[in-house]
Amino acid sequence: MTALRKETVPIATSRNKVPPVPAQAPSASQMTPDALKDAIVKSIDDDKGEDIVVVDLHGKSNITDFIVIATGRSARQVGAMADHLVRKLQPVLSFRMAVEGLPQGDWVLIDCGDVVVHLFRPEVRDFYAIEKMWGLEPPAMRETEAGSVNEP
């Protein structure tokens, strides 16, 4: 019986060139906080999220650069928005995003590093009104004030 002789060929030699590196999506180190925020807002908007608010925390907090807050009409929509966001961003981030509250769908928090995302059902967002913590008016208060101005 003859033994087969396996010849090893180096990947790069003077005869053959180094294979080109395929183009990859930008990594987290290449994606700026602004680009990450824009990608998140676009994803939420594509999924018909409502009342999208971006809180700029540059110089105010060392935890994150932006907080994105949005509302979904139901627990199912909130869960779908969160799932789509994780599926779109996970391949470009160099770490695993932390997701809390997905099974319930009332309030889902997604830690994307430089951007923290809060997705709410309308009633839960009205109750917690986390925009007030950063000096912004929650959407429910803006609607109430606008309604009282328009009434005769």
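Higher on the page you've got the structure.
Reading guide: rules and limits
- Residues numbered from 1 in each chain as written.
- Predicted model: local features only at pLDDT ≥ 70, side-chain atom pairs only at ≥ 80, totals over all residues.
- Heavy atoms only, no water.
- Helix = DSSP H or I, 4+ residues; strand = E, 2+ residues; numbered from the N terminus.
- Buried < 20%, exposed > 50% of the residue type's maximum accessible area, 1.4 Å probe, protein only.
- Contact = heavy atoms within 4.5 Å.
- Areas by Shrake-Rupley, 256 points an atom, 1.4 Å probe, with all protein chains shown as cover.
- Axes fitted to C-alpha atoms, helices over the stretch in contact; angles between N-to-C directions.
- Parallel < 35°, antiparallel > 145°, perpendicular 65-115°, else oblique.
- Left-handed = near helix turned anticlockwise from the far one by under 90°.
- Nonpolar A, V, L, I, M, F, W, Y, C, P; charged D, E, K, R; others polar.
- Salt bridge = Lys/Arg side-chain N within 4 Å of Asp/Glu carboxyl O.
- Pairing = 2+ DSSP bridges.

1. Things to note about the overall build of the protein
Then, number 1: Counting secondary structure elements, the protein contains 4 helices and 5 strands.
Then, number 2: Reading the helices (α) and strands (β) of the protein from amino to carboxyl end gives α-β-β-α-β-β-β-α-α.
Then, number 3: Expressed as a percentage of the 152 residues in the protein, the buried residues total 32%.
Then, number 4: The contacts in the protein between residues at least 6 apart in sequence include a share of 51% that link residues at least 24 apart.
Then, number 5: Accessible surface, the protein: about 10,400 Å² in total, of which carbon and sulfur atoms supply 55%.

2. Brief notes about the packing of helix H1 (residues 33–46) against helix H2 (residues 75–89)
Then, number 1: Taken N-terminus to C-terminus, the directions of H1 and H2 make an angle of 140°; their axes are 10 Å apart at the nearest point. The pairing of H1 with H2 is recorded here as oblique in orientation. In this structure, H1 crosses over H2, and the sense of that crossing is right-handed. Contacts from Leu36, Ala39, Ile40, Ser43, Ile44 and Asp46 in H1 reach Met81, His84, Leu85, Lys88 and Leu89 in H2.
Then, number 2: Its residues assigned to classes, the contact of H1 with H2 comprises 7 nonpolar, 2 polar and 2 charged.

3. Side note on the pattern of salt bridges
Then, number 1: This structure, assessed with the given rule, holds 7 salt bridges.
Then, number 2: Its salt-bridge partner being Asp38, residue Lys37 comes within 3.1 Å of it at the nearest N-O pair.
Then, number 3: Taking the relative accessible area as the measure of exposure, Lys37 reaches 16% and is therefore buried.
Then, number 4: Note on Asp38: relative accessible area 45%, which makes it partly exposed.

4. Quick notes on the pairing of strand E2 (residues 66–71)
Within a regular strand, the side chains alternate between the two sheet faces.
Then, number 1: Among the 6 residues in E2, 6 count as buried, and that is most of the element.
Then, number 2: Every second residue of E2 is oriented toward a common face, with Phe66, Val68 and Ala70 on one face and Ile67, Ile69 and Thr71 on the other, all of them buried.
Then, number 3: Pairing of strand E1 (residues 50–56) with E2 involves 5 bridges; the strand directions are antiparallel. Paired with Asp56 across the two strands is Phe66, which belongs to E2.
Then, number 4: Looking at chain direction, E2 and strand E5 (residues 115–120) are connected through 6 bridges and run parallel. Looking at the pairing, Val68 lines up with Val117 of E5.

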